[in-house]
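Reading the structure
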Amino acid sequence: MPRTVRDIVFVDGVRTPFGKAGPKGIYHETRADDLEVACLRELLRRNPALPAERVDEVAIAATTQTGDQGLTIGRTAALLAGLPRSVPGYAVDRMCAGAMTAVTNVAGGIALGAYDVALAGGVEHMGRHPMGEGVDPNPRFVSERLVDSSALFMGMTAENIHDRFPQLTKERADAYAVRSQEKAAKAYANGLIQEDLVPIAIRRSAETAEATGLEAGWGLATADEPMRPGTTMEGLAGLKTPFRPHGRVTAGNSAGLNDGATASLIAAEEVARELGLPVKMRLVSYAFAGVEPEVMGIGPVPATEKALAKAGLGIEDIGLFEINEAFAVQVLAFLDHFGIADDDERVNPYGGAIAFGHPLASSGVRLMNQLARQFRDHPEVRYGLTTMCIGMGMGGTVIWENPHFTGAQEGEK
């Protein structure tokens, strides 16, 4: 018998505050799996209408799947979060788009009826597990010139984009970074970020305190640690360019090394309505695409074109954009391609990863959280998208529909 494809909805999403990686970071002595467990527990607490036994799958991403973010973390985090033992889980890896892929994976299963309800998210503890820890790239990549050696270093790929598109200057990248910090500070001041955050108990041992000069003891993480609200063009101009002498990519116009976790509740719309769960977004289409690994930052362009084509939409139909800010130049390349101004108010209105941080595999759900919040406040917008570049030359895009949309304008799709 022919199958009926079901509508997929984003019910809810949460995340930890994002921290700086390293001994001075807030999560230096906090386990990666405990960050994810806190998110899963909070999702269930916020949605009491969902019986825990109705969760059909838990998909959790991590880029460096070892130690406390290994051992099939979707399953182990589900058990630690108190979900019934009958609830299965698995791990996902698509580098920066891990959480995004976890969401699209379970969405496909829901659409075909394999699941009704699933939890999907990601975690990255870059302090405990630096990007690339334990990897062994096949020497054929370079010896057979399958890729340039710069493809293996994300910051160098960002420099390559500057080379390829000379109009994407350091000054434009720095100006974009300043706006990201300003928008994030404004969003915090207006209480638009805090609703998504799960407070996390943190600890700093006497040994760490002595080594870092910080105070020992227990605390509570309630805000993103990487933010630099006082950032100025003058301050960014003097920063070092670690990936290339006299380069253009700096710590100020790119996301840092961060720790954090996210989780989302994805369901068939008919099931969400049956259980009385909220519907914050409706999934329209998604796509992943490959590009030259040396310029992986342009990946969102073909991924977005592909997702728009699948949805029968054009870029002009998109009223809100959540673009991951791995590097400012990557966002600028996307905006230039689609003829969007650097300061377009539709783009990352609450700020982005340059301000909040980018704990790799977790970030896809942060983008979705922020888009869902914006949909609520902008019922005049029908469609929005979340998009990000992915290491080794890929991009991913998910297009969403606003369930609060109040009605199409004449001629609008």
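The rules behind each value
- The written sequence of each chain sets the order in which its residues are numbered from 1.
- Thresholds applied to this predicted model are a pLDDT of at least 70 for local features of residues and 80 or more for the giving and counting of side-chain atom pairs; totals over whole chains, interfaces and linings are not thresholded and use all residues.
- With hydrogens and water set aside, each side-chain value is computed from the structure's full complement of heavy atoms.
- UniProt positions are given in the numbering used here, feature names are shortened, and annotations may be inferred rather than shown by experiment.
- Strands are runs of DSSP state E lasting at least two residues, helices are runs of H or I lasting at least four, and both sets are numbered from the N terminus onward.
- This radius of gyration counts C-alpha atoms alone. The globule rule is 2.2 Å times how many residues there are, raised to the power 0.38.
- With a 1.4 Å probe rolled over the protein chains alone, any residue whose accessible area is under 20% of its type maximum counts as buried; one over 50% counts as exposed, and the rest are partly exposed.
- Surface accessibility follows the Shrake-Rupley procedure with a 1.4 Å probe radius. Residue values consider only the protein chains on display as shielding.
- Axis definition: a line fitted to C-alpha atoms, limited for helices to the stretch in contact. Angles are taken between N-to-C directions and run from 0 to 180 degrees.
- In what follows, roughly perpendicular refers to angles from 65 to 115 degrees, roughly parallel to angles under 35, roughly antiparallel to angles over 145, and oblique to any angle outside these ranges.
- Contact definition: two residues touch when any of their heavy atoms are within 4.5 Å.
- In the scheme used here, Gly and all other residues not listed as nonpolar or charged are polar, with Ala, Val, Leu, Ile, Met, Phe, Trp, Tyr, Cys and Pro taken as nonpolar and Asp, Glu, Lys and Arg as charged.
- A side-chain nitrogen of Lys or Arg and a carboxyl oxygen of Asp or Glu constitute a salt bridge if their distance falls within 4 Å.
- Criterion used throughout: strands pair if DSSP finds at least two bridges between them.
- Residues with no salt bridge and a relative accessible area higher than 30% make up the patches, which join like charges within 9 Å and nonpolar side chains (Val, Leu, Ile, Met, Phe, Trp, Tyr) within 5 Å.
- The definition of a nonpolar core used throughout is a set of buried Ala, Val, Leu, Ile, Met, Phe, Trp, Tyr and Cys residues joined through side-chain atoms within 4.5 Å.
- Paired rings are identified among Phe, Tyr and Trp, the last through its six-membered ring, by centres lying within 6.5 Å, and are further divided according to the angle between planes into stacked (under 30 degrees), edge-to-face (over 60) and tilted (the rest).
- For every residue, the predictor states its confidence as a pLDDT score lying anywhere from 0 to 100.
- Each polar contact in these results corresponds to two N or O atoms within 3.5 Å; when the atoms are within protein, one needs to be able to donate a hydrogen and the other to accept it, and residues that are neighboring in sequence are counted only if both atoms are side-chain atoms.

Where an unreviewed UniProt entry is consulted, the protein chain appears under the name Acetyl-CoA acetyltransferase family protein, with the organism given as Allostreptomyces psammosilenae. The UniProt entry for the protein chain carries the following text under Sequence similarities (unreviewed entry): "Belongs to the thiolase-like superfamily. Thiolase family."

1. Description of the overall build of the protein chain
Along the protein chain, the regular secondary structure elements total 13 helices and twelve strands. Its C-alpha atoms give the protein chain a radius of gyration of 20 Å, near enough to 22 Å, the size a compact globule of 413 residues would have. When the backbone C-alpha atoms are referred to their principal axes, the protein chain occupies close to 60 × 60 × 50 Å. Counting over 413 residues, the protein chain shows a buried share of 59%. Counting every atom, the protein chain has about 16,600 Å² of accessible surface; 53% of that belongs to carbon and sulfur.

2. Observations regarding the packing of helix α3 (residues 98-111) against helix α13 (residues 363-377)
Contact geometry for α3 and α13: axes closest at 5 Å, N-to-C directions at 70°. Compared by their axis directions, α3 and α13 come out roughly perpendicular. Across from A99, M100 and V103 in α3, the residues of α13 making contact are G364, V365 and M368. Across the contact of α3 with α13, the residue classes break down as five nonpolar, one polar and no charged.

3. Description of the pattern of salt bridges
Taken as a whole and judged by the stated rule, the model has 28 salt bridges. Of the charged contacts, one joins R248 and E159 as a salt bridge, the two residues approaching to 3.2 Å between their closest N and O atoms. Taken as a pair, R248 in the loop between α8 (233-237) and β8 (258-268) and E159 in helix α5 (residues 154-164) lie far apart in primary sequence, 89 residues in all. Two residues, D163 and R248, come together in a salt bridge whose shortest N-O distance is 2.6 Å. Separated by 85 residues along the polypeptide, D163 in helix α5 and R248 in the loop between α8 and β8 bring together distant segments of the chain.

4. What to know about the environment of P278
Position of P278 relative to the elements: it lies in the loop between α9 (269-275) and β9 (281-290). Linking P278 and F10, residues 268 residues apart in sequence, is a C-alpha distance of 8.6 Å.

5. Focus on the pairing of β8
Within a regular beta strand, the side chains point alternately toward one face of the sheet and then the other, so they alternate between its two faces. Counted residue by residue, β8 has eleven buried out of eleven residues, so it is predominantly covered. Here β8 shows two buried faces, one formed by N258, G260, T262, S264, I266 and A268 and the other by D259, A261, A263, L265 and A267. Where strand β2 (residues 19-20) lies against β8, two bridges are found, and the strand directions are antiparallel. Each residue of the ladder has a partner; that of K20, found in β8, is N258. By the bridge criterion, nine bridges tie strand β5 (residues 117-125) to β8 in an arrangement that is antiparallel.

6. A word on a nonpolar patch on the surface
Nonpolar side chains collect at one region of the surface, where V142, L152 and F153 lie side by side and expose about 250 Å² of accessible area between them. Positionally, L152 belongs in the loop between α4 (140-143) and α5.

7. Some remarks on the nonpolar core
If you look at the biggest cluster of nonpolar residues, it comprises 78 residues, and the most contacted ones within it are V58, M368 and W400. Apart from the residues within four sequence positions on either side, V58 is in contact with L40, G74, A78, L83, V87, P88, G89, Y90 and L119. In this structure, A287, A326, F338 and I399 belong to the second largest nonpolar core, which totals 40 residues.

8. Points about the UniProt feature "active site" (unreviewed entry) in the protein chain
Within this structure's numbering, the places UniProt gives as "active site" (unreviewed entry) are C96, H358 and C389. Taken along the chain, the residues just named run across 294 residues; in space they keep tight, none of their C-alpha pairs more than 12.0 Å apart. Setting aside residues up to four positions removed in sequence, C96 forms contacts with T63, H358, L360, A361, M388, C389 and I390. The residue C389 is located in strand β11 (residues 383-390) in this model. Taking relative accessible area as the criterion, C389 reaches 1% and is therefore assigned buried. For C389, the residues in contact, after removing those within four places along its chain, are C96, M296, G297, P300, A326, Q330, M394 and G395.

9. Section: helix α2 (residues 73-80)
Three or more residues of α2 are buried, namely I73, G74, T76, A77 and A78. Contacts made by the buried residues of α2 are with α1 (32-46), β3 (57-61), β4 (89-92) and β5. A positive backbone phi angle near 90° is found at G82, which sits one or two residues after α2.

10. What to know about unusual backbone geometry
A positive phi angle is found at L71, which is not glycine, with a value near 55°. The phi torsion at H246 lies on the positive side, around 60°, for a residue other than glycine. Mapping H246 onto the fold places it in the loop between α8 and β8.

11. Digging into the packing of aromatic side chains
According to the stated counting rule, one finds five aromatic pairs in the structure shown. Here the aromatic rings of F321 and F334 are separated by 6.3 Å at their centres, their planes lie at 70°, and the arrangement is edge-to-face. Here F334 lies in helix α11 (residues 328-337) and F321 lies in strand β10 (residues 318-323), a separation of 13 residues in the sequence. Judged by relative accessible area, which is 0%, F321 ranks as buried.

12. Notes on the confidence of the model for the protein chain
Predicted confidence across the protein chain gives a mean pLDDT of 95, with 98% of residues reaching 70 or more. Between residues 409-413, whose pLDDT stays under 50, and residues either more than four places distant or in other chains, the model counts eight contacts.

13. Considering the side chain of D33
Mapped onto the elements of the fold, D33 is located in helix α1. A polar contact of 2.8 Å, which involves the side chain of D33, links it to the side chain of R31. The residues contacting D33, other than those within four sequence positions of it, are D68, I73 and L80.

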